[in-house]
Amino acid sequence: MGKANDIFGSVYGWLVSKDAPKPKEALDFMKVWLGKETQTKLAAEGLSIPMVKGTAEAIQNPFYKALAVAVNHSGWICVAMDQLLGRETGRTFNNEAAAVAAGAQSPEKATQVIEHSWSKSRF
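Remember, it's a predicted structure, so these values are computed and weren't measured experimentally.

Enquirer: Could you give an account of the nonpolar core, with specific residues and numbers?
Expert: Residues A43, I49, A56, A58, I59 and A68 constitute the largest nonpolar core, which totals six residues. Residues within four places of A43 in sequence aside, it is in contact with S48, P50, T55, A58, I59 and Q60.

This is the structure:
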């Protein structure tokens, strides 16, 4: 059973492949970009809702600040399924979910379509 401070939604993330042309430089950049100082500046300007603990105080928009505080106090965050599956299969997932909800597709057939998409676009 979940807790009142659990969060379901989309959060952003970053990936650097081991085959990146300059992986060290990419990681160095991300350390700065995702660091508390940069994220605090972005938050203060209203350019993002940082997921870095201790940056919520800089957010001026009360709604965004409430979101950041909730994230800071959450013990669990679940990423939305369409985001987790990637662009192509995520779109297929959304389309099939809507078709099932509308009664235009059976759950079994929707599952087959999603699994087929995943088998082609798995990363």
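That shown, we press on.
Enquirer: Break down the pattern of salt bridges for me, citing the residues and quoting the values.
Expert: Under the criterion given, the structure shown has four salt bridges. One salt bridge in this structure joins K41 and E37, with 3.5 Å as the shortest N-O distance. Of this pair, K41 and E37 both sit in helix α2 (residues 36-44), separated by four residues, roughly a single helical turn. Note on K41: relative accessible area 52%, which makes it exposed. The salt bridge partner of R87 is E88, with a shortest N-O separation of 3.5 Å. Judged by relative accessible area, R87 falls into the exposed class, the value being 66%. Salt bridges here are not isolated pairs; linked through shared partners, they connect R87, E88 and R91.

Enquirer: Give a detailed account of the packing of aromatic side chains, specifying residues and quantitative values.
Expert: Taken as a whole, this structure holds two aromatic pairs when the rule is applied. Judged by centre distance (6.0 Å) and plane angle (15 degrees), the ring pair of F29 and W33 falls under stacked. Residue F29 and its partner W33 are both found in helix α1 (residues 23-33); the two are separated by four residues, about one turn of the helix. Judged by relative accessible area, F29 falls into the partly exposed class, the value being 46%. Take W33: its relative accessible area is 31%, and that puts it in the partly exposed class. On the basis of an interplanar angle of 50 degrees and a centroid distance of 6.2 Å, the ring pair of F63 and Y64 is categorised as tilted. The class for F63 is exposed, based on a relative accessible area of 56%. With relative accessibility at 33%, the residue Y64 sits in the partly exposed group.

Enquirer: So, the side chain of T38: which residues are in play, and what are the values?
Expert: Mapped onto the elements of the fold, T38 is located in helix α2. A distance of 2.9 Å separates a polar atom in the side chain of T38 from the backbone oxygen of V32.

Enquirer: How would you explain the environment of L85 if you had to name every residue and give the values?
Expert: Residue position: L85 is located in the loop between α4 (81-84) and α5 (87-101). L85 sits 16 residues away from A101 along the chain, and the two C-alpha atoms are 20 Å apart.

Enquirer: So, α2: which residues are in play, and what are the values?
Expert: Within the sequence span of α2, burial applies to T38, Q39, L42 and A43. Relative to the axis of α2, the buried residues are bounded by an arc of 135 degrees and lie together on one face. Residues of α2 that are exposed and angled more than 90 degrees away from the buried face: E37 and K41. Those residues of α2 that are buried lie in contact with α1.

Criteria and cut-off values
Residues numbered from 1 in each chain as written. Predicted model: local features only at pLDDT ≥ 70, side-chain atom pairs only at ≥ 80, totals over all residues. Heavy atoms only, no water. Core = buried A, V, L, I, M, F, W, Y, C linked by side-chain atoms within 4.5 Å. Buried < 20%, exposed > 50% of the residue type's maximum accessible area, 1.4 Å probe, protein only. Contact = heavy atoms within 4.5 Å. Salt bridge = Lys/Arg side-chain N within 4 Å of Asp/Glu carboxyl O. Helix = DSSP H or I, 4+ residues; strand = E, 2+ residues; numbered from the N terminus. Phe/Tyr/Trp six-rings, centres within 6.5 Å; stacked < 30°, edge-to-face > 60°. Polar contact = N/O pair within 3.5 Å; in protein donor to acceptor, adjacent residues only side chain to side chain. Arc of directions from axis to C-beta.

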